[in-house]
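Residue-level structural notes
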Amino acid sequence: MQNTTPQSKQVRAHVFISGRVQGVGYRYATVETATQLRLTGWVRNLPDGRVEAVFEGSQEVVDEIIRWCYEGPPAAMVKDVHIEYEQPEGLQGFQVRR
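Quantities reported herein were computed from a predicted structural model and do not represent experimental measurements.

1. Regarding the environment of Thr30
Assignment of secondary structure puts Thr30 in helix α1 (residues 26-36). Since its relative accessible area comes to 1%, Thr30 is described here as buried. Remark: the alpha-carbon pair of Thr30 and Val43, spanning 13 residues in sequence, is separated by 7.4 Å.

2. Observations regarding the side chain of Glu52
Summarising the element assignment, Glu52 is placed in strand β3 (residues 51-58). According to the relative accessible area criterion, Glu52 is buried, its value standing at 5%. Within the local environment of Glu52, its side chain forms a polar contact with the side chain of His14, the two groups lying 2.5 Å apart. Only 2.6 Å separates the side chain of Glu52 from the side chain of Arg44, close enough to count as a polar contact. Sequence-distant contacts of Glu52, defined by excluding residues within four places in its chain, comprise His14, Val15, Phe16, Trp42, Val43, Arg44 and Leu46.

3. Overview of the packing of α1 against helix α2 (residues 59-69)
Axis angle and axis distance: for two packed helices, these are the angle between their axes and the distance between the axes, and together they describe the pair. Where α1 meets α2, the axes come as close as 11 Å, and the angle between the chain directions of the two elements is 155 degrees. Classified by the interaxial angle, the pair formed by α1 and α2 is roughly antiparallel. As α1 packs across α2, the resulting crossing turns out to be right-handed. Here Tyr26, Ala29, Thr30, Thr33 and Ala34 of α1 lie close against α2, whose contacting residues are Ile65, Trp68 and Cys69. Of the residues in the contact of α1 with α2, the class split is 6 nonpolar, 2 polar and no charged.

Rules of the game
- Residues numbered from 1 in each chain as written.
- Predicted model: local features only at pLDDT ≥ 70, side-chain atom pairs only at ≥ 80, totals over all residues.
- Heavy atoms only, no water.
- Helix = DSSP H or I, 4+ residues; strand = E, 2+ residues; numbered from the N terminus.
- Buried < 20%, exposed > 50% of the residue type's maximum accessible area, 1.4 Å probe, protein only.
- Polar contact = N/O pair within 3.5 Å; in protein donor to acceptor, adjacent residues only side chain to side chain.
- Contact = heavy atoms within 4.5 Å.
- Axes fitted to C-alpha atoms, helices over the stretch in contact; angles between N-to-C directions.
- Parallel < 35°, antiparallel > 145°, perpendicular 65-115°, else oblique.
- Left-handed = near helix turned anticlockwise from the far one by under 90°.
- Nonpolar A, V, L, I, M, F, W, Y, C, P; charged D, E, K, R; others polar.

Here you go:
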């Protein structure tokens, strides 16, 4: 049962993932997972080798994708996930940023 009331608490997690997370399909797996979970936001590679992502949605679903971030796609080797909570911006869709 989906709770679609706008009152359900929306959160925004700004996440930085480090480890072997570039060149392993991490961004595209993130888009696929976030889309399946109906989250909005974006993901991109950073020049320092980390992946940066923003997820907006209900607290429980955002928590779910954060748990997924610790695993990532099969070829990834995640060392650390740093999370900062921010005010949601009401993003639409989920995409890879460059």
